[in-house]
Amino acid sequence: MNKPIKLTITGAAGKIGYDLLFRIAAGNLFGPDRQVEFRLMDLAREDIQKKLTGISKELEDCAFPAVAGVTVTGDPREAFDGSEVVFLVGSKPRTAGMTRKDLLSDNGKIFKEQGKALNDVASRNVKVLVVGNPANTNCFIAIKNAPDLDKSCFSAMLRLDHNRSIGQIAKKLGINPGEIRKMTVWGNHSSTQVPDISYCENNGGRIEGQIDKEWQRNEFTPLIRNRGTEIIALCGASSVGSAANAALCQMRNWYSGTPEDDWVTMGVPSDGSYGIPEGYVYGFPVTCKDGKYSIVKGLEPDEYIKKCMMLSFEEIREEADMAQELLN
Ligand code: NAX
């Protein structure tokens, strides 16, 4: 029998962490028979640790066969010790009226400290998915603080944007979302992101020929870019169920691979592809195999998309500049 997978969720006492935890424990990430040793991490505050203890008892009460053990901690080193799969969710969520840039000063520090702890104690093949916002830049900060880990151990979550795009295309065409392949969201997980349907296919062939350009530019793109804000306005809090689902989808593809003839969007350190300078964490189409991701090469974005891609990159560069003191 395989050894249990060591898996950490930070911010496990928060909304996304809580939702994600029970889905993984139920077998939605590795299958119901693959055992997982959970490390639930959140702030070391007494009230929060008490809540985590309560959550760990709830997990016991589910009697999930896949749960090999649960540790509750406020210490990142204990949380990441030997970890193979890590979800960095813990951070402040964006609230109404707050930009993602406002978040950087509060949340960036967390990813510096956790990057260092991962560097020191995590498995050398760890897969770290950064969910906490601003996700691309927090991931960049964590990478810079973990020089002994390969940068391909890290990715930032752009899967919610990817899934939102597929959901809207399916709705527009009146088809099942499961039919849609090769969606791409370039850039930053922010209002500058570039949802690009140019390569999307369904059973009827290329999607582009089935949807007019005007809808794409004037309705679809703004809707996807502003969906997070729309959810905050309606629910009074940022996305939870769809965010936990996206984290699960992104890690599942990374761990188990992408289907033949398809790809997914992940925020990954650029290798210089598509004119995005090396090292910056940017949304790219990727395929995954044997636990590794590779950026899809050879696509030819049109001039309009290229311009939008560079604008989103400029925002990422600006955020990285603002985070200078956290980079080493
Ligand atoms: P919650 O406020 O419900 O939970 C956050 C948890 O993180 C809290 O329990 C808090 O105590 C904990 N925390 C704070 N600092 C910590 C630290 N240093 N170490 C460990 N834990 C710490 O927020 P929630 O709704 O769960 O959102 C979590 C993060 O996900 C936010 O940054 C949010 O902006 C981000 N999101 C990212 C998305 C993406 O697509 N990349 C979409 C959804 C979400 O907005």
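Notes on the overall build of the protein
Stage number 1. Helix and strand content of the protein: 10 helices and 13 strands.
Stage number 2. Its C-alpha atoms give the protein a radius of gyration of 19 Å, near enough to 20 Å, the size a compact globule of 328 residues would have.
Stage number 3. Seen through its principal axes, the protein has C-alpha atoms that stretch 55 × 45 × 40 Å.
Stage number 4. In the protein, which comprises 328 residues, the share counted as buried stands at 54%.
Stage number 5. Carbon and sulfur atoms make up 49% of the accessible area of the protein, which totals about 14,200 Å².
Stage number 6. Mean positive and mean negative side-chain charge positions of the protein (40 and 43 charges, respectively) differ by 0 Å.

A look at the side chain of T137
Stage number 1. Here T137 is to be found in helix α5 (residues 135–144).
Stage number 2. Assessed through its relative accessible area of 2%, T137 is described here as buried.
Stage number 3. Within the structure, the side chain of T137 is placed 2.5 Å from the side chain of E319, a separation counted as a polar contact.
Stage number 4. Not counting residues within four places of it along the chain, the set of residues in contact with T137 comprises L104, I316, E319, A320 and A323.

Focus: helix α2 (residues 46–62)
Structural remark: α-helix, 3.6 residues per turn; residues separated by three or four positions point the same way.
Stage number 1. For α2, with 17 residues, the first-to-last C-alpha span of 25 Å sits near the 24 Å given by 1.5 Å per residue.
Stage number 2. Among all positions of α2, only I48, Q49, L52, I55, S56 and L59 are buried. For α2, the buried positions fall inside an angular range of 110° around the axis, keeping them on one side. Residues of α2 that are exposed and angled more than 90 degrees away from the buried face: E46, K50, E60 and D61.
Stage number 3. Each element contacted by the buried residues of α2 is listed here: α1 (15–25), β2 (36–41) and β3 (67–73).
Stage number 4. In the segment just after α2, A63 is the residue with positive phi, at about 50°.

Describing the pattern of salt bridges
Where charged atoms from two side chains of opposite charge come close, those side chains can pair.
Stage number 1. This model, assessed by the stated rule, comprises 14 salt bridges.
Stage number 2. Taken together, the salt bridges that share partners define one network made up of R181, K182, E201 and D261.

A few points about helix α9 (residues 241–256)
Stage number 1. Over its 16 residues, α9 extends 22 Å from the first C-alpha to the last, a length consistent with the 22 Å expected when each residue adds 1.5 Å.
Stage number 2. Positive phi appears at G257, one or two residues downstream of α9, with a value of about 105°.

Concerning the pairing of β2
Stage number 1. The element β2 is extensively covered by neighbouring structure, given that 5 of its 6 residues are classed as buried.
Stage number 2. Here strand β1 (residues 5–10) runs beside β2; their pairing, made up of 6 bridges, is parallel. Looking at β2, one finds that T10 is bridged to M41.
Stage number 3. A crossover links β1 with its parallel partner β2, the connecting element being α1, and its sense is right-handed.
Stage number 4. As defined by bridge partners, β2 adjoins β3 across 6 bridges and the pair is classed as parallel. Paired with L40 across the bridge in β3 is V72.
Stage number 5. Taken together, β2, α2 and β3 constitute a β-α-β crossover, and its handedness is right-handed.

Regarding a negative patch on the surface
Stage number 1. A grouping of D75, E78, D81 and E113 is seen on the molecular surface, where their side chains present a negatively charged patch.
Stage number 2. Tracing the backbone shows E78 in helix α3 (residues 76–80).
Stage number 3. E78 gets classed as partly exposed once you look at its relative accessible area, which sits at 41%.

A short note on the site of the ligand
Stage number 1. Not every one of the 27 residues close to the ligand is listed here, only the nearest: K15, I16, D42, S91 and V131.
Stage number 2. Side-chain polar atom of N133 to an oxygen atom of the ligand: 3.0 Å apart, as the coordinates give it.
Stage number 3. A distance of 3.1 Å separates an oxygen atom of the ligand from a polar side-chain atom of H189.
Stage number 4. Surface burial for the ligand is 89%, taken as the share of its 880 Å² of free accessible area covered by protein chains.
Stage number 5. Elements represented by at least two residues in the shell around the ligand include exactly α1 and α4 (100–121).
Stage number 6. When grouped by side-chain class, the residues that make up the shell around the ligand number 13 nonpolar, 10 polar and 4 charged.
Stage number 7. Looking at which domains feed residues into the shell around the ligand, each of domain 1 (5–156) and domain 2 (159–318) gives three or more.

Some words on the domain arrangement of the protein
Stage number 1. Each domain of the protein was delimited in the assignment, giving domain 1 (5–156) and domain 2 (159–318).
Stage number 2. With centres defined by C-alpha atoms, the gap from domain 1 to domain 2 works out at 23 Å.
Stage number 3. The partner domain 2 presents 36 residues to the 36 residues of domain 1 that form the contact.
Stage number 4. Of the roughly 2,900 Å² buried between domain 1 and domain 2, counting both surfaces, carbon and sulfur atoms make up 63%.
Stage number 5. Of all residues in domain 1, the largest losses of buried area upon contact with domain 2 belong to R94, K127 and N136, amounting jointly to 21% of the total for that side.
Stage number 6. At the boundary of domain 1 and domain 2, one finds 10 residue pairs in polar contact (both at pLDDT 80 or more).
Stage number 7. If you list the elements that add at least two residues to the side of domain 1 that touches domain 2, you get α1, β4 (85–88), α4, β5 (127–130), α5 and β6 (154–156).

About the criteria used
- Residues numbered from 1 in each chain as written.
- Predicted model: local features only at pLDDT ≥ 70, side-chain atom pairs only at ≥ 80, totals over all residues.
- Heavy atoms only, no water.
- Helix = DSSP H or I, 4+ residues; strand = E, 2+ residues; numbered from the N terminus.
- Rg over C-alpha atoms; globule rule 2.2 N^0.38 Å.
- Buried < 20%, exposed > 50% of the residue type's maximum accessible area, 1.4 Å probe, protein only.
- Areas by Shrake-Rupley, 256 points an atom, 1.4 Å probe, with all protein chains shown as cover.
- Lys, Arg positive; Asp, Glu negative; His and termini not counted.
- Charge placed at Lys NZ, Arg CZ, Asp CG, Glu CD.
- Polar contact = N/O pair within 3.5 Å; in protein donor to acceptor, adjacent residues only side chain to side chain.
- Contact = heavy atoms within 4.5 Å.
- Expected span 1.5 Å × (residues − 1).
- Arc of directions from axis to C-beta.
- Salt bridge = Lys/Arg side-chain N within 4 Å of Asp/Glu carboxyl O.
- Pairing = 2+ DSSP bridges.
- Right-handed = clockwise from strand over helix to strand, strands pointing away.
- Patch = residues over 30% accessible without salt bridge, like charges linked within 9 Å, V, L, I, M, F, W, Y side chains within 5 Å.
- Near = heavy atom within 4 Å.
- Nonpolar A, V, L, I, M, F, W, Y, C, P; charged D, E, K, R; others polar.
- Domains from an automatic or database assignment.
- Buried area = accessible area lost by both parts, 1.4 Å probe.

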